[in-house]
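One letter stands for each residue in the lines below.
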Amino acid sequence: MKRHNFSAGPCILPKEVIQKASEAVIDFDNGLSLLEISHRSKPFVDVMEKARALALELLGLEGKGYKALFLQGGASTQFLMVALNMLEKRAGYLNTGTWSDKAIKEAKIYDDIYEVASSKDANYNYIPKGYDIPTDYDYFHCTSNNTIFGTQMKAFPDSPIPMVCDMSSDIFSRQLDFSKFDLIYAGAQKNMGPAGATLVVVKEDILGKVSRKIPSMMDYKVHISKSSMFNTPPVFSVYVSMLTLQWLKDLGGIAEIEKENDKKAQLIYSEIDLNPLFKGFATKADRSNMNATFTLANEDLKETFETMVEEAGINGLNGHRSVGGYRASMYNALSLESVGVLVDVMSELERKA
Ligand SMILES: *Cc1c(COP(=O)(O)O)cnc(C)c1O
């Protein structure tokens, strides 16, 4: 049966990437598996360099003073690493969901944090707008896409201070002026590869401004000086991320995938809006193109709907417990056809009910 993977993360990857990755597990370098080679061997050093270069190229940040790193510890480690490397006096955070909230909690270990604005009052179903960013703070932190609640920032402020963004669940999905950001981080497992690596793209000249001592593993400058090889990198995750970035480049880059992502989002949201059996969770203007959150208007249909979903080969549709209902995650590798299958099930339910 053909499966349609709507999982929020770890998520769907392109079939050809999984095929190539599986071949490298068997034979990557003259009979040696990718899983057993030295990370210092030339073939792997080339992989790391290519992955770092592709990330900057796809984001349009080559030659602009940025460095790309593949680190460990997930996006969650970046919550504290950003603060350790950049927080001297005070920082401003935009609180748009569970992940922003966790980032704030970690940064608070080092200093008081100012919440520039928050949508917690409405269970994060919208993105706050019209807030001011204090000019004398160290940095402003935001989350571009709120994976759990299904909201996405459609515009970013012209920040007077360095802007840091958690782009875990929408990096490489849409065109943005990435040079507006001074530091971007993203766990691989949402739109790039398997869990284990976190991409960090940082403008080098914002570093080195805090007075505290930073442990080596937490210091971006240390990782930059060692070309992202200060310690053993997550070899498999970096390799698969490199394959996905190459796949995206061959497709035509972010500009091309964005067109597909727009079509997928239009298809699902028009069904949510037209079908009286479903209700969208996020405010329309702030709806995410990556994670569509919705609930059933009538809970009595739950079993019928979920059986139909399963029979259609749809996987990973359950919503996060803080929203309930359903979440269709439509990352880069998910086809328009798969979204069509889900939409057909939703309209079939309307005919039946
Ligand atoms: C999943 C997610 C995280 C957490 O990532 P880990 O790699 O599990 O630490 C952080 N931020 C956002 C926006 C996410 O979607």
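Residues numbered from 1 in each chain as written. Predicted model: local features only at pLDDT ≥ 70, side-chain atom pairs only at ≥ 80, totals over all residues. Heavy atoms only, no water.

### Observations concerning the pairing of strand β12 (residues 291–296)
1) Next: The buried fraction of β12 amounts to five of the six residues, a majority that puts the element mostly inside the structure.
2) Next: Relative to strand β14 (residues 326–329), β12 runs antiparallel, the two sharing four bridges. Looking across to β14, one finds that Ala292 is bridged to Ala328. (Buried < 20%, exposed > 50% of the residue type's maximum accessible area, 1.4 Å probe, protein only. Helix = DSSP H or I, 4+ residues; strand = E, 2+ residues; numbered from the N terminus. Pairing = 2+ DSSP bridges.)

### Some thoughts on the domain arrangement of the protein
1) Next: Domain parsing of the protein yields domain 1 (15–251) and domain 2 (254–352).
2) Next: Between domain 1 and domain 2, the contact holds 29 residues from the first and 25 residues from the second.
3) Next: Carbon and sulfur atoms supply 53% of the area that domain 1 and domain 2 bury against each other, a total of about 2200 Å² over both sides.
4) Next: Seen at the junction of domain 1 and domain 2, the total is one salt bridge.
5) Next: Two residues, Lys129 and Asp286, come together in a salt bridge whose shortest N-O distance is 2.9 Å.
6) Next: There are 16 residue pairs in polar contact (both at pLDDT 80 or more) connecting domain 1 and domain 2.
7) Next: Within the residue set of the side of domain 1 that touches domain 2, elements represented by two or more residues are α2 (42–59), β7 (151–152), α5 (188–191) and α7 (235–251). (Domains from an automatic or database assignment. Contact = heavy atoms within 4.5 Å. Buried area = accessible area lost by both parts, 1.4 Å probe. Salt bridge = Lys/Arg side-chain N within 4 Å of Asp/Glu carboxyl O. Polar contact = N/O pair within 3.5 Å; in protein donor to acceptor, adjacent residues only side chain to side chain.)

### Here's the deal with the side chain of Gln152
1) Next: Relative to the elements of secondary structure, Gln152 occurs in strand β7.
2) Next: Of the residues examined, Gln152 reaches a relative accessible area of 1% and is grouped as buried.
3) Next: Among the polar contacts listed, one links the side chain of Gln152 to the side chain of Lys154, at a separation of 3.0 Å.
4) Next: Among residues more than four places away in sequence, those in contact with Gln152 are Ile127, Ser144, Asn145, Asp170, Arg174, Asp286, Arg287, Ser288, Asn289 and Met290.

### A closer look at the layout of surface pockets
The probe, sized like a water molecule, is rolled over the atoms to show the empty space still left.
1) Next: For the largest pocket, the calculated volume is near 360 Å³.
2) Next: Lining of the largest pocket is provided by 20 residues; of these, Ile12, Leu13, Ala333, Leu334 and Ser335 occupy positions nearest its centre.
3) Next: Broken down by secondary-structure element, the contributors of at least two residues to the lining of the largest pocket are β1 (4–5), α7, α8 (254–274) and α10 (336–352).
4) Next: Looking at side-chain class alone, the lining of the largest pocket contains nine nonpolar, six polar and five charged residues.
5) Next: What the second largest pocket holds in volume is close to 160 Å³.
6) Next: The wall of the second largest pocket is formed by Ile127, Pro128, Lys129, Gly130, Tyr131, Met153, Lys154, Ala155, Phe156, Pro157, Ala285 and Asp286.
7) Next: For the lining of the second largest pocket, the per-class residue count stands at eight nonpolar, one polar and three charged. (1 Å grid on protein atoms, 1.4 Å probe; cavity = no way out; pocket = protein on both sides within 12 Å on 5 of 7 lines; lining within 4 Å. Points joined across faces, edges and corners; volume = space filled by probe spheres on them. Nonpolar A, V, L, I, M, F, W, Y, C, P; charged D, E, K, R; others polar.)

### Examining the sheet that holds strand β10 (residues 198–203)
By definition, the strands of a sheet pair up through backbone hydrogen bonds, in either a parallel or an antiparallel sense.
1) Next: An order of β2-β10-β9-β8-β5-β3-β4 is seen for the seven strands of this open sheet, with the pairing classed as mixed. At either end of the open sheet lies a strand with only one pairing partner, and these are β2 (66–71) and β4 (113–118). Averaged over neighbouring strand pairs, the angle between their axes works out to 20° when direction is ignored.
2) Next: Along the sheet, helix α4 (residues 98–107) contacts β3 (91–95), β4, β5 (140–143), β8 (163–166) and β9 (183–187); its crossing angle with β3, the most-contacted strand, is approximately 155°. (Axes fitted to C-alpha atoms, helices over the stretch in contact; angles between N-to-C directions.)

### Comments concerning unusual backbone geometry
1) Next: Here the amide bond leading from Gly9 into Pro10 is cis, since omega sits at -10°, within 30 degrees of zero.
2) Next: If you trace the backbone, Pro10 turns up in the loop between β1 and α1 (15–26).
3) Next: Phi at Asn123 takes a positive value of approximately 45°, unusual for a residue other than glycine.
4) Next: Along the chain, Asn123 falls in the loop between β4 and β5.
5) Next: Taking the relative accessible area as the measure of exposure, Asn123 reaches 34% and is therefore partly exposed.
6) Next: One non-glycine residue, Phe172, lies in the positive phi region at around 65°.
7) Next: Mapped onto the elements, Phe172 comes out in the loop between β8 and β9.

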